[in-house]
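Geometric and topological summary
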Amino acid sequence: MSKFQVAHIREQGQNMIIVFVDKKVGSMTSSDRAEIMAALQSCATSAGLAGNVVLVWQTNSGRMEFCAPQRWHPFFKSLSYEYLASNVNKELTCNSI
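Take the pairing of strand β3 (residues 52-58) next. For β3, a buried count of five out of seven residues is recorded, marking the element as mostly surrounded by other parts of the structure. The pairing of strand β2 (residues 14-20) with β3 spans five bridges and is parallel. Bridging from a neighbouring strand, Ile 17 pairs with Val 53 of β3. Traced from β2 through helix α1 (residues 30-46) to β3, the parallel crossover comes out right-handed. Pairing analysis gives four bridges linking β3 to strand β4 (residues 64-67), with the strands arranged antiparallel. Bridge pairing in β4 places Trp 57 opposite Glu 65. Connecting β3 to the next strand, β4, in antiparallel fashion are five residues, including Gly 62 with a positive phi near 90°.

Structural data, given as structure tokens:
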């Protein structure tokens, strides 16, 4: 069982499930990240959270990286990791990750 900190927010008319993941996600292939996103999406839906999952992590240098729908990139590029982390309001527990 894995636990994840989540910022479940509504921004620009969209429900976003921002999941904070380990920085090792940054070195994964895009297909591996897609698998993790799909598993987290399923877990979030089962937990009653509405919206699309976005992965967020911090690099070794402290920079924020994310995996989100392309149309949301400008929004996430305008924010800091610290700001998003200050919006954590849920914990998601998943069996399949």
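That was the structure; now back to the text.
As a further point, take the state of the cysteines. By definition, a disulfide is the covalent link that joins the sulfur atoms of two cysteine residues. Scanning all chains against the criterion turns up one disulfide. Disulfide pairing places Cys 43 opposite Cys 94 at an S-S distance of 2.2 Å. Looking along the S-S bond of the Cys 43-Cys 94 disulfide, the torsion reads about -105°, which is the left-handed sense. With Cys 43 in helix α1 and Cys 94 in strand β5 (residues 90-94), the pair connects residues that are 51 residues apart, well separated along the chain.

The rules behind these values
Residues numbered from 1 in each chain as written. Predicted model: local features only at pLDDT ≥ 70, side-chain atom pairs only at ≥ 80, totals over all residues. Heavy atoms only, no water. Buried < 20%, exposed > 50% of the residue type's maximum accessible area, 1.4 Å probe, protein only. Helix = DSSP H or I, 4+ residues; strand = E, 2+ residues; numbered from the N terminus. Pairing = 2+ DSSP bridges. Right-handed = clockwise from strand over helix to strand, strands pointing away. Disulfide = S-S within 2.5 Å.

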